[in-house]
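# Close look at the chain arrangement
This is what each chain is made of:
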Amino acid sequence: MRTLLPLATLVLLAGPTACGPSPTPVAPTGGGEVQVAPAQPAPAGPAYDLSPVAEPADIVGVLRWSNPSATLSSVATCAGLPPTLAESGAQGLFAGVLSELVSPSIDADQLATVVALDAPLHLLVALDDSSKRGNPVAAVSLGLASLERARGALEAGATLTEVKPGMWKVGGKEPSKSSCFLAASAGSTPARLLCGDRDRDVLTLGPYLARTLPTLASEARDLHGELRFVPLSAKYGDMAKQQLRGLPILAQSQLSIDHPGFDRALTDAATAVQGELEALINDASKADIDLRADDQACVSLTAGLELRGQSSWLAGTIADSAKRAGPAPALYWRVPKDSHGAFFDHGSNPAQYEGMLKTLRAMLEGWMEKEKIGKPADRKALASVLSLPLSQATPSVSAHGYPEAPPAGAKAGKATPDELVNSLMGGLVGWNLIGIEAAPDAIVKYLKNAVTAYNTTGLRARLRDIDIDPKELPTVRTVPAPKELGKGSLAVEVQIKGLPDLDAGVVSGSAPKAKPVTATLHVLVMGEDKATWIAFGHDKRDLLRRLAIVKAGAPEAETLASRPGLEALKTGKFPYAGFMTLAPVTRSVQTMLSTLSDAGASPGVLPPEARQFGEALAKLPHKGEGLMFLTTQARGGGSPRVELSFTLSKPVLEDIGALLVAGLQMAGVTKP
């Protein structure tokens, strides 16, 4: 497992992002040059027993990559990557996998030329009844285009010892990261390389990996993985529950502060966690992950959790969200059209969280009383922040975006220190909107109470005792709300002091002590009869402009209602869904590069490579604005299930591909 767990992670990451397309099985030529060639039938040889065998007992982990070549080819096509780069990337991927498995004395690059990149890759993990420490058995299986060529590549760096007809142990006393075997195989390839942490792992799982799994029908999913909880629960569930019963006692012995209120709440919290974990042991069925890739839809990744019972808090939460699932609410289509990300949530029952919040409030008040922080009213005011301002499930939406950033160094003239810092802050924070289908009274009251609690003198006085100077904390205060917000509005100003003067070269460490500067952020609340909008960001005028866009009755031309490509969110049934783009990353980096470039008195702040990267960002074919959808689905009933899906469109992958090519050109790996 110490070798195969990082290998599984490598496969999962490589599936959607490797350079593809990978070639069909590759054969070496006389000059050592790697060429693409179709798979050739293996020459006649000894007849080995390749009849199917039964699935090993207590399988808890399964990973199947059906056709690495096809997956990487689809991703490469979507990303617009050159075929030569894709082919070398595919070979490099499997050479990297093999280098993690075989002995350093074996040429992993040479062995990679024998790997059949269009054959399934498998990983299995099973419980081991014979292990006194509970260690599982685990093995990975890679298809090989030729048994004889594989033997030649392996024997060039290690010994091969036949342990049974059609199965050879790779290596003897040579140092190796794992235990590997070469085996004759059924299915589309004549041989497979089987590796695990121990010989026992491969000998236990090898027959199934070589003789049964390769013959199973191909799946519509490019990659599928499962973690099965039922065998784990059957074998270790009772033992785990027994251990969990000591959790409240352990919490009291380690975290008690000898205060009745805190200690009682601590016991309640530990008891609740114990009960939920025991319920999950009973309820959990499996977790799974699926990846699909094709030339049109590009890449879709789905992760799911399935339960087999309804006794846990999680099962109840999933069932509740399934009841509320639906298309995006009307409020969603009022957010700005130029949003770089926008999501909606159909809400959840606040009663499900009240018990947790009540316990946390009791612990916070108890701790402050023990430490003699503030008066009872002050402590209660601060603890009240750990509450929900609404008493029923309420749909909400959120959106965010960033200002257009000029190329690094493009701004004319010299910016002031305050302008530099505030520009950088604006590029990092951007603008943010939250819309809630509820009248503003309760929300405004909650925010005012939070500001009051933050500024309570009795609470702040003790901060010095824990080495925090209250004067160094951000200043948070309510200020007169702009008249454009109307009645029931609120404005909060946040000032962050003591930031470095970028123009003086503080970031490069080469300048004398400079006068600190201050950045200001704004929170604006606009209320309507049945909706509340909260805006947060650096540019107050821009926030007011965006609040005018979302106001009821405003024209739809600047809202999501007029943005194409979001049709799925109008018809699907989702508890939570939305889209995002790469723009938050690309714009933030561009703003940072532009700001540091404007700090003309700071030589060395912005190296040439950073400027080149900024230029590459400015030349992205889709400017980082391609859509990535994040959606959830849920079902209740006897087997609750929740799924999270992430979809990358062609424009997103084309931007990623352009950045990859630019990075390789900067590194001198490829020519412009």
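Let me begin by describing the structure that accompanies this report.

A tally of helices and strands in the protein yields 20 helices and 22 strands. Burial analysis of the protein (672 residues in total) assigns 47% to the buried set. By element, 59% of the accessible surface of the protein is carried by carbon and sulfur atoms, the whole surface being about 31900 Å².

Turning our attention to the layout of surface pockets. Empty space within the largest pocket amounts to approximately 570 Å³. Ranked by residue count, the leading element in the lining of the largest pocket is helix α10 (residues 313-324), at 4 residues. The residue makeup of the lining of the largest pocket, split by class, is 12 nonpolar, 9 polar and 2 charged.

As a further point, take the packing of aromatic side chains. Scanning the entire structure with this criterion turns up 6 aromatic pairs. Ring centres 6.0 Å apart and planes at 90° place the aromatic pair Tyr48 and Trp168 in the edge-to-face group. In this pair, Tyr48 is assigned in the loop between β2 (34-36) and β3 (59-65) and Trp168 in strand β7 (residues 167-170), connecting sequence segments 120 residues apart. On the accessibility criterion, Tyr48 (23% relative accessible area) is partly exposed. Measuring from centroid to centroid gives 5.6 Å for Phe343 and Tyr576, while their planes differ by 5°, and the two rings are stacked. You can see Phe343 sitting in strand β13 (residues 341-345) and its partner Tyr576 sitting in strand β20 (residues 576-580), a full 233 residues away along the chain. When its relative accessible area of 30% is taken as the criterion, Tyr576 is described as partly exposed. Chaining the aromatic ring pairs together yields one cluster made of Tyr332, Trp333 and Phe344.

Along helix α5 (residues 147-155), the residues classified as buried are Leu147, Ala150, Ala153 and Leu154. Seen from one end, α5 has its buried residues packed into an arc of 125°, which puts them on one side. Taken together, the buried residues of α5 touch α4 (108-112), β5 (137-144), β6 (160-164), β7, β8 (179-184) and β9 (191-196).

Turning our eyes to something else, we now look at the pattern of salt bridges. When charged atoms on two side chains of opposite charge get close, those side chains can pair. Taken as a whole, this structure holds 25 salt bridges when the rule is applied. Ionic pairing is found between Arg198 and Asp201, a salt bridge with its closest N-O pair at 2.7 Å. Ionic contacts of the salt-bridge type, sharing partners, join the residues Asp288, Glu306, Arg635, Arg641 and Glu643 into one network.

Below, the discussion takes up empty space enclosed by the protein. A complete count under the given rule lists 1 cavity of 30 Å³ or more for this structure. A volume near 30 Å³ is recorded for the largest cavity. Looking at the lining of the largest cavity residue by residue, the classes come out as 9 nonpolar, 1 polar and no charged.

The next thing to look at is the packing of helix α8 (residues 247-255) against helix α9 (residues 260-283). The N-to-C vectors of α8 and α9 enclose an angle of 145°; their axes lie 8 Å apart at closest approach. Of the two elements, α8 crosses α9, and the hand of that crossing is right-handed. Of the residues in α9, those touching α8 at Leu247, Pro248, Ala251, Gln252 and Leu255 are Phe262, Asp263, Leu266, Thr267, Ala270, Thr271, Val273 and Gln274. Classifying every residue of the contact of α8 with α9 by side-chain character gives 8 nonpolar, 4 polar and 1 charged.

A few words on unusual backbone geometry. Its identity as a non-glycine residue notwithstanding, Asp258 has a phi of 60°, on the positive side. Position of Asp258 among the secondary structure elements: in the loop between α8 and α9. Asp258 sits in the exposed class, given a relative accessible area of 64%. Phi at Cys298 is positive, roughly 65°, even though this residue is not glycine. Residue position: Cys298 is located in strand β12 (residues 298-307).

Evaluated as defined, the whole model comprises 2 disulfides. Here Cys78 is linked by a disulfide to Cys298, with a sulfur-sulfur distance of 2.1 Å. Across the disulfide from Cys78 to Cys298, rotation about the S-S bond amounts to roughly -105°, and the bridge is consequently left-handed. Pair noted here: Cys78 is in helix α2 (residues 68-79) and Cys298 is in strand β12, with a separation of 220 residues, a long-range link. In this structure, Cys78 and Cys298 share a single accessibility class: buried. Linked covalently through their sulfurs, Cys180 and Cys195 form a disulfide whose S-S length is 2.0 Å. Residues Cys180 and Cys195 are joined by a disulfide whose S-S torsion is about 110°; by sign, that bridge is right-handed. Pair noted here: Cys180 is in strand β8 and Cys195 is in strand β9, with a separation of 15 residues, a long-range link. Each member of the pair, Cys180 as well as Cys195, carries the same accessibility label: buried. In the protein, the bonded cysteines, numbered by position in the sequence, are linked as 1-4, 2-3.

Thresholds, definitions, all that
- Residues numbered from 1 in each chain as written.
- Predicted model: local features only at pLDDT ≥ 70, side-chain atom pairs only at ≥ 80, totals over all residues.
- Heavy atoms only, no water.
- Helix = DSSP H or I, 4+ residues; strand = E, 2+ residues; numbered from the N terminus.
- Buried < 20%, exposed > 50% of the residue type's maximum accessible area, 1.4 Å probe, protein only.
- Areas by Shrake-Rupley, 256 points an atom, 1.4 Å probe, with all protein chains shown as cover.
- 1 Å grid on protein atoms, 1.4 Å probe; cavity = no way out; pocket = protein on both sides within 12 Å on 5 of 7 lines; lining within 4 Å.
- Points joined across faces, edges and corners; volume = space filled by probe spheres on them.
- Nonpolar A, V, L, I, M, F, W, Y, C, P; charged D, E, K, R; others polar.
- Phe/Tyr/Trp six-rings, centres within 6.5 Å; stacked < 30°, edge-to-face > 60°.
- Arc of directions from axis to C-beta.
- Contact = heavy atoms within 4.5 Å.
- Salt bridge = Lys/Arg side-chain N within 4 Å of Asp/Glu carboxyl O.
- Axes fitted to C-alpha atoms, helices over the stretch in contact; angles between N-to-C directions.
- Left-handed = near helix turned anticlockwise from the far one by under 90°.
- Disulfide = S-S within 2.5 Å.

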